[in-house]
Amino acid sequence: MQNNHTLQTTTHKWEYHILSERCSQKDIGTYLSFGIHAFEVTDKHIRAVCCVHDVTTIQSQANDLAELCNRFQLSPI
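Keep in mind it's a predicted model, so treat the numbers as computed, not measured. (Residues numbered from 1 in each chain as written. Predicted model: local features only at pLDDT ≥ 70, side-chain atom pairs only at ≥ 80, totals over all residues. Heavy atoms only, no water.)

Note: strand β2 (residues 29-42) against strand β3 (residues 46-56), seven bridges, orientation antiparallel. By the bridge assignment for β3, glutamate 40 is matched with arginine 47. Linking β2 back to β3 in an antiparallel pair, the connection comprises three residues. (Pairing = 2+ DSSP bridges. Helix = DSSP H or I, 4+ residues; strand = E, 2+ residues; numbered from the N terminus.)

Right, let's get into the environment of alanine 62. Structurally, alanine 62 is set in helix α1 (residues 59-71). Relative accessible area serves as the criterion here: at 1%, alanine 62 is assigned to the buried category. For the pair alanine 62 and leucine 19, spaced 43 residues apart in sequence, the C-alpha to C-alpha distance is 8.7 Å. With sequence-adjacent residues up to four places away left out, alanine 62 is seen in contact with Ile18, Phe34, Ile36 and Thr56. (Buried < 20%, exposed > 50% of the residue type's maximum accessible area, 1.4 Å probe, protein only. Contact = heavy atoms within 4.5 Å.)

Sheet architecture is open: three strands sit in the order β1-β2-β3, paired in antiparallel fashion. Of all the strands in the sheet, the pair left with one neighbour each is β1 (12-25) and β3. Along the sheet, successive strands turn relative to each other by an average axial angle of 20°, direction set aside. Bridge count between β1 and β2: 14 bridges; the pairing is antiparallel. Bridge pairing links leucine 19 to glycine 35 in β2. (Axes fitted to C-alpha atoms, helices over the stretch in contact; angles between N-to-C directions.)

For the rest of this paragraph, the subject is the side chain of serine 33. Following the sequence through the fold, serine 33 ends up in strand β2. For serine 33, the side chain forms a polar contact with the side chain of aspartate 54, separated by 2.5 Å. Looking at serine 33, its side chain comes within polar contact range of the main-chain oxygen of threonine 56, at 3.4 Å. Once you skip the residues sitting within four places of it in the chain, serine 33 turns out to touch Leu19, Ser20, Glu21, Cys23, Asp54, Val55, Thr56 and Thr57. (Polar contact = N/O pair within 3.5 Å; in protein donor to acceptor, adjacent residues only side chain to side chain.)

This is the structure we're talking about:
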């Protein structure tokens, strides 16, 4: 007996974007910092998964990290 039901799978991928924030520390004052925001993208929705704040103060480093996470589809877990 053959089952004619097809299994529908939802494809997903991870997308990483940088975010900029004004941060403040007692010892150093106010500064601009960059973090990474992770999203799960499926054919049905885009969902924010997690965010890591205050990763670096150098925007190019945050861009490079987000690019690597996207290229290798790093799981936010």
